[in-house]
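Commentary on secondary and tertiary structure
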Amino acid sequence: MKIDERTFEFSLRIIKLCRHLNKLTGIDRTLAKQLLRSGTSVGANAAEAQAAQSKPDFISKMSLASNEARETLDWLRLINKATPIPSDNLPDLI
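Residues numbered from 1 in each chain as written. Predicted model: local features only at pLDDT ≥ 70, side-chain atom pairs only at ≥ 80, totals over all residues. Heavy atoms only, no water.

Considerations on the overall build of the chain
Within the chain, the secondary structure is distributed over four helices and zero strands. Its helices and strands taken in sequence order, the chain reads α-α-α-α from the N to the C terminus. By its C-alpha atoms, the chain is 45 × 25 × 20 Å across when sized along the principal axes. In the chain, 57% of the contacts between residues at least 6 apart in sequence involve partners at least 24 apart. Of the roughly 6,200 Å² that the chain leaves accessible, carbon and sulfur atoms contribute 53%. (Helix = DSSP H or I, 4+ residues; strand = E, 2+ residues; numbered from the N terminus. Contact = heavy atoms within 4.5 Å. Areas by Shrake-Rupley, 256 points an atom, 1.4 Å probe, with all protein chains shown as cover.)

Written out as structure tokens, the structure reads:
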């Protein structure tokens, strides 16, 4: 599977998890917003990189995707430890 397809599928899974977190109250919703922003940004930046105008532009956009992926990992790890949700799917996302 190509990187743009993988990141698209990842974004879909993030959206589904955030929908579940939004059903909870308080801090879980705040975490969901942060996760949604970074998790869907991975795919958006990878998709933009596919249309880069130069090699440096490609590297820049893929670097942004990589940074968002690291941030998403941090949010997922935090959610995994701090929220009262069944975490069966979280290890796969992590």
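What about the nonpolar core?
One finds Ile-14, Leu-17, Cys-18, Leu-21, Leu-31, Ala-32, Leu-35, Leu-76, Ile-79, Ile-85, Leu-90 and Leu-93 forming the largest nonpolar core, which totals twelve residues. Where this core is concerned, the elements lending two or more residues are helix 1 (3-22), helix 2 (27-50), helix 3 (55-82) and helix 4 (90-93). Per-element tally for this core: the top contributor is helix 1, with four residues. If near-sequence neighbours (up to four positions away) are discounted, Ile-79 is found in contact with Leu-21, Leu-31, Leu-35, Ile-85 and Leu-90. (Core = buried A, V, L, I, M, F, W, Y, C linked by side-chain atoms within 4.5 Å. Buried < 20%, exposed > 50% of the residue type's maximum accessible area, 1.4 Å probe, protein only.)

Side note on the side chain of Asn-45
Tracing the chain through its elements places Asn-45 in helix 2. When near neighbours in sequence (up to four residues on either side) are disregarded, Asn-45 contacts Lys-61, Leu-64, Ala-65 and Glu-68.

Regarding the environment of Ser-41
Along the chain, the position of Ser-41 falls in helix 2. Remark: the alpha-carbon pair of Ser-41 and Leu-31, spanning ten residues in sequence, is separated by 15 Å. A distance of 2.9 Å separates a polar atom in the side chain of Ser-41 from a polar atom in the side chain of Asn-45. (Polar contact = N/O pair within 3.5 Å; in protein donor to acceptor, adjacent residues only side chain to side chain.)

Brief notes about the environment of Gly-43
Here Gly-43 is to be found in helix 2. Separated by 14 residues in the primary sequence, Gly-43 and Asp-57 have C-alpha atoms spaced 16 Å apart. Excluding anything up to four places from it in sequence, Gly-43 contacts Thr-7 and Ser-11.

Describing the packing of helix 1 against helix 3
At a minimum axis distance of 13 Å, the contact between helix 1 and helix 3 shows a crossing angle of 35°. Relative to helix 3, helix 1 is oriented so that their crossing is left-handed. Packed against helix 1, whose contacting residues are Phe-10, Ile-14, Leu-17 and Leu-21, the element helix 3 presents Thr-72, Leu-76 and Ile-79 at the interface. Considering only residue class, the contact of helix 1 with helix 3 consists of six nonpolar, one polar and no charged. (Axes fitted to C-alpha atoms, helices over the stretch in contact; angles between N-to-C directions. Left-handed = near helix turned anticlockwise from the far one by under 90°. Nonpolar A, V, L, I, M, F, W, Y, C, P; charged D, E, K, R; others polar.)

Details of the pattern of salt bridges
Overall, the coordinates contain two salt bridges when judged by the stated rule. As a salt-bridge pair, Lys-61 and Asp-57 come within 2.7 Å of each other at their nearest N and O atoms. Taken as a pair, Lys-61 and Asp-57 lie in helix 3 at a separation of four residues, close to a single helical turn. For Asp-74, the salt bridge goes to Arg-77, with nearest N and O atoms at 3.8 Å. Taken together, the positions of Asp-74 and Arg-77, both in helix 3 and three residues apart, correspond to about one turn of that helix. (Salt bridge = Lys/Arg side-chain N within 4 Å of Asp/Glu carboxyl O.)

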